[in-house]
Amino acid sequence: MKRTALLHAELSHAIASLGHGDMLVIGDVGLPIPPGPCRIDLALTPGIPAVADVLRVVLDEMQVEKALIATEAVERNGGQLPAWCHLPVEPQAVSHEEFKRLTQQARAMVRTGECTPYANVILVAGVTF
């Protein structure tokens, strides 16, 4: 699944380990991380790195088949996709509670320094052919 050289070793390994249908979560500092998924903590200070920055780099590395965001992220943005949400596929919106439930099945969760509520996305791995 991996396409290029990513410097962060844990994130690079997680992406390289994804199989078709596996989930990778990129989230803000407030998203609870359940037991089970690998935790990759990138947060340095409030806002750094931003979800948009991490998402941009991950999308260069990963083939995405499907994406999920919380309906609350869209509602808080006047019914539009949030500015950070630049995805190669149209994201499906699910309730924040459903989103948190789905994170339990993720292969890995990436914690960013983002402090914007509901700035979270689940990426489902696709295949390159």
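Details of the structure are given in the entry above.
Residues numbered from 1 in each chain as written. Predicted model: local features only at pLDDT ≥ 70, side-chain atom pairs only at ≥ 80, totals over all residues. Heavy atoms only, no water.

Side note on the overall build of the protein chain
Regarding its fold elements, the protein chain presents four helices and six strands. Computed over the C-alpha atoms, the radius of gyration of the protein chain is 13 Å, within 12% of the 14 Å expected from 2.2 N^0.38 for a compact globule of 129 residues. With the principal axes as the frame, the protein chain shows a C-alpha extent of 35 × 35 × 25 Å. Relative to its full complement of 129 residues, the protein chain shows a buried share of 46%. (Helix = DSSP H or I, 4+ residues; strand = E, 2+ residues; numbered from the N terminus. Rg over C-alpha atoms; globule rule 2.2 N^0.38 Å. Buried < 20%, exposed > 50% of the residue type's maximum accessible area, 1.4 Å probe, protein only.)

Concerning the sheet that holds strand β2 (residues 38–41)
Taken in spatial order, the six strands make up an open sheet running β2-β5-β1-β6-β3-β4, and their pairing is mixed. Edge positions in the sheet fall to β2 and β4 (92–94), since each of these pairs with one other strand and no more. Shown here is a sheet whose adjacent strand axes are inclined to one another by a mean of 20°, direction ignored. Relative to β4, strand β3 (residues 64–70) runs parallel, the two being bridged by three bridges. Counted as the bridge partner of I69 is A93 from β4. In this fold helix α1 (residues 9–17) packs onto β1 (23–27), β2 and β5 (108–111), with an angle of close to 140° to the strand it touches most, β2. (Pairing = 2+ DSSP bridges. Axes fitted to C-alpha atoms, helices over the stretch in contact; angles between N-to-C directions. Contact = heavy atoms within 4.5 Å.)

Regarding empty space enclosed by the protein
For the structure on display, the rule yields one cavity of 30 Å³ or more. In this structure, the largest cavity spans a volume of roughly 40 Å³. Lining the largest cavity are G27, D28, L31, I33, M109, V110 and R111. Among the elements that make up the lining of the largest cavity, the one with the highest residue count is β5 (three residues). Split by residue class, the lining of the largest cavity holds four nonpolar, one polar and two charged. (1 Å grid on protein atoms, 1.4 Å probe; cavity = no way out; pocket = protein on both sides within 12 Å on 5 of 7 lines; lining within 4 Å. Points joined across faces, edges and corners; volume = space filled by probe spheres on them. Nonpolar A, V, L, I, M, F, W, Y, C, P; charged D, E, K, R; others polar.)

Some words on α1
Among all positions of α1, only L11, S12, A14 and I15 are buried. Along the long axis of α1, the arc covered by the buried residues comes to 160°, so they all point the same way. Among the exposed residues of α1, those pointing more than 90 degrees away from its buried face are A9 and H13. Among the structural elements, β1, β2, α2 (51–61) and β5 are those in contact with the buried residues of α1. (Arc of directions from axis to C-beta.)

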